[in-house]
Amino acid sequence: MSQFTATLLERTSVHTAFIRIKVDPAAADQVAQAMLTLTAPTLAEPGCHTYEFYRDNDDPSLFLCFEHWDSRQALDDHGSTPHVRAFLTEFGPHIQVWEQNHTTALA
């Protein structure tokens, strides 16, 4: 099997999530800084391969999170970790939109 084929097979067995988060513009800079603190502990969680935040160039209160996990269960477990719970407790009131897409790569 070629390296390309092996990589493709790995991608199709990984759970990928795209999260779109719109926050109160007045809190956007604080939320952005807090999002950065989530990356290291999340990448240390079992089953996490990728955990990246992006900020929209035209709307600084719009963020996208791109995640690769071994399974949907690993992602669901992530939601109950202390660092995620602390983030949501502090910044949840500033979140206006939270949209999730759970995907698998096309083969």
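Only a predicted model underlies this, so the values are computations on that prediction, with no experimental measurement involved. (Residues numbered from 1 in each chain as written. Predicted model: local features only at pLDDT ≥ 70, side-chain atom pairs only at ≥ 80, totals over all residues. Heavy atoms only, no water.)

Before going further, it helps to examine the packing of aromatic side chains. The geometry of an aromatic ring pair is captured by the separation of the ring centres together with the interplanar angle, meaning the angle of the planes. Under the counting rule described, the total for this entry stands at 3 aromatic pairs. Arranged with centres 5.3 Å apart and planes meeting at 40 degrees, the rings of Phe-18 and Phe-66 form a pair that is tilted. Remark: Phe-66 occurs in strand β3 (residues 62–69) and Phe-18 occurs in strand β1 (residues 15–23); sequence separation between them is 48 residues. Judged by centre distance (5.3 Å) and plane angle (85 degrees), the rings of Tyr-51 and Phe-53 are edge-to-face. (Phe/Tyr/Trp six-rings, centres within 6.5 Å; stacked < 30°, edge-to-face > 60°. Helix = DSSP H or I, 4+ residues; strand = E, 2+ residues; numbered from the N terminus.)

Moving on, we come to helix α2 (residues 28–43). End to end, α2 covers 23 Å across 16 residues, agreeing with the expected 22 Å (1.5 Å per residue, within 8%). For α2, the elements touching its buried residues are β1, β2 (48–55), β3, α3 (72–78) and α4 (82–91). (Expected span 1.5 Å × (residues − 1). Contact = heavy atoms within 4.5 Å.)

Sheet topology note: the β2/β3 ladder contains 7 bridges and is antiparallel. By the bridge assignment for β3, Glu-52 is matched with Phe-66. Here β2 folds back onto β3 in antiparallel fashion, the turn holding 6 residues. (Pairing = 2+ DSSP bridges.)

Read across the open sheet, the 4 strands follow the order β2-β3-β1-β4; overall the sheet is antiparallel. Both outer strands of the open sheet, β2 and β4 (95–103), are each paired with one neighbouring strand and no more. Direction aside, neighbouring strands of the sheet carry axes that sit 15 degrees apart on average. Here 8 bridges tie β1 to β3, and the two strands are oriented antiparallel to one another. The partner of Ile-19 across the bridge, within β3, is Cys-65. This element, α2, spans β1, β2 and β3 of the sheet and lies at about 170 degrees to β2. (Axes fitted to C-alpha atoms, helices over the stretch in contact; angles between N-to-C directions.)

Moving on, we come to the pattern of salt bridges. Between side chains of opposite charge, pairing is possible as soon as their charged atoms come close. On inspection of all chains with the given rule, the structure shows 4 salt bridges. Linking Arg-20 and Glu-99 is a salt bridge whose minimum nitrogen-to-oxygen distance equals 3.5 Å. Note that Arg-20 is positioned in strand β1 and Glu-99 in strand β4, a separation of 79 residues in sequence. Classification of Arg-20 as partly exposed rests on a relative accessible area of 31%. (Salt bridge = Lys/Arg side-chain N within 4 Å of Asp/Glu carboxyl O. Buried < 20%, exposed > 50% of the residue type's maximum accessible area, 1.4 Å probe, protein only.)

Okay, the confidence of the model for the chain next. Looking at the chain as a whole, the pLDDT averages 90, with 88% of positions reaching at least 70. Within the chain, the lowest mean pLDDT, 48, falls on helix α1 (residues 3–12), and the highest, 98, falls on α2. Within the model, pLDDT remains below 50 along residues 1–6, and this stretch shows 2 contacts once partners closer than five positions in the same chain are excluded. (pLDDT = per-residue confidence, 0-100.)

So, on to the nonpolar core. Ile-21, Val-23, Val-31, Met-35, Phe-63 and Phe-87 are the most contacted members of the largest nonpolar core, which has 20 residues in total. Every element with two or more residues in this core is listed here: β1, α2, β2, β3, α3 and α4. A per-element tally of this core places α2 first, with 6 residues. Setting aside residues up to four positions removed in sequence, Val-31 forms contacts with Val-23, Phe-63, Phe-87 and Phe-91. (Core = buried A, V, L, I, M, F, W, Y, C linked by side-chain atoms within 4.5 Å.)

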